[in-house]
Amino acid sequence: IDMVSFSQPSETQYSVNLVVSNGVLIGPDCSSQGDAVAAYDVRTGDQRWRLETGAPLAQLMELDKSTLGVALLGGEFRIVDASAGRMRMQTRVPDAQVVTDGVLSESTLILQHTRMAGAGRLRQMTAMDVSTEDVLWYEPIAPVERWNQPVRMIGRSVVLVFERPLPPQNPSLPLSIVLVDY
């Protein structure tokens, strides 16, 4: 592969993940003209597609082997075909500040996101039907201070692993594993 470069969103304190899916390397392409997502062929380095987001990019995630999740600040979320860059769904996740991770299981989109809760922020899981965009269920998970590993599926269970905060403010805080059956 030739040199490929990505540009992270400016003036932010986070980095957008790179995603590799079906021979395509996908990442942020942000500039003063706006945020976008770009995909490059991993063998040739040629750009396969570029998708303007129309809003500040927050995160990218692989939802399944051929599907990309594009999270925008403010709870906007898009499902994109990773190989071709075609948008399959565009929605707003209720009560979400930002979607941080997710998985796609058949026609159910399961997203982890943050939301305001009183004076603080909470992590929450929301499941949506992809064809109707209806919310199937939601579940508050943990305070934002407890960071977790990526959302994964085992059968029809969503697996969440919560670690101690870094740096550990409370070293006695246990490691937690949560299974959410749907």
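Only a predicted model underlies this, so the values are computations on that prediction, with no experimental measurement involved.

## Some points on the packing of aromatic side chains
Two aromatic rings are characterised by how far apart their centres lie and by the angle between their planes. In total, this model carries one aromatic pair according to the counting rule given. When the ring of Phe-6 is compared with that of Tyr-40, the centres are 5.6 Å apart and the planes differ by 80°; the resulting orientation is edge-to-face. Placement of the pair is Phe-6 in the segment before strand 1 (19-21) and Tyr-40 in strand 3 (residues 36-41), with a sequence separation of 34 residues. The exposure class assigned to Phe-6 is partly exposed, which follows from its relative accessible area of 22%.

## Regarding the sheet that holds strand 8 (residues 87-92)
The sheet built from four strands is open, its strands ordered 5-6-7-8 with antiparallel pairing. At either end of the open sheet lies a strand with only one pairing partner, and these are strand 5 (57-64) and strand 8. Each neighbouring strand pair of the sheet contributes to a mean axis angle of 20°, computed without reference to strand direction. Bridge analysis of strand 5 against strand 6 (residues 67-72) gives six bridges, and the strand direction is antiparallel. Opposite Leu-57, over in strand 6, you have Leu-72 as the bridge partner.

## Considerations on the nonpolar core
With 16 residues, the main nonpolar core has Ile-26, Val-37, Trp-49, Leu-57, Leu-60, Leu-68 and Val-70 as its most contacted residues. At the level of elements, strand 2 (24-28), strand 3, strand 4 (47-52), strand 5 and strand 6 are the ones that each hand at least two residues to this core. With three residues, strand 6 is the largest single contributor of residues to this core. When sequence neighbours within four positions are dropped, the list of residues in contact with Val-70 reads Val-37, Thr-53, Leu-57, Gln-59, Leu-60, Glu-76, Phe-77, Arg-78 and Val-80. If you look at the next biggest cluster of nonpolar residues, it comprises 15 residues, including Ala-71, Ile-79, Val-93 and Leu-109.

## With respect to the sheet that holds strand 1
Strand order across the open sheet formed by four strands is 1-2-3-4, with antiparallel pairing between neighbours. The open sheet is flanked by strand 1 and strand 4, the only strands paired with a single partner. Sheet twist, expressed as the mean angle between neighbouring strand axes with direction ignored, is 20°. Of the pairings in the sheet, the one linking strand 3 to strand 4 comprises five bridges and is antiparallel in character.

## A short note on the confidence of the model for the protein
Confidence in the prediction of the protein, expressed as mean pLDDT, is 80, and 71% of residues score 70 or more. The element-level mean pLDDT for the protein is lowest in strand 15 (residues 176-181), coming to 58, with strand 7 (residues 76-81) highest at 96.

What counts, and where the lines are drawn
Residues numbered from 1 in each chain as written. Predicted model: local features only at pLDDT ≥ 70, side-chain atom pairs only at ≥ 80, totals over all residues. Heavy atoms only, no water. Phe/Tyr/Trp six-rings, centres within 6.5 Å; stacked < 30°, edge-to-face > 60°. Helix = DSSP H or I, 4+ residues; strand = E, 2+ residues; numbered from the N terminus. Buried < 20%, exposed > 50% of the residue type's maximum accessible area, 1.4 Å probe, protein only. Pairing = 2+ DSSP bridges. Axes fitted to C-alpha atoms, helices over the stretch in contact; angles between N-to-C directions. Core = buried A, V, L, I, M, F, W, Y, C linked by side-chain atoms within 4.5 Å. Contact = heavy atoms within 4.5 Å. pLDDT = per-residue confidence, 0-100.

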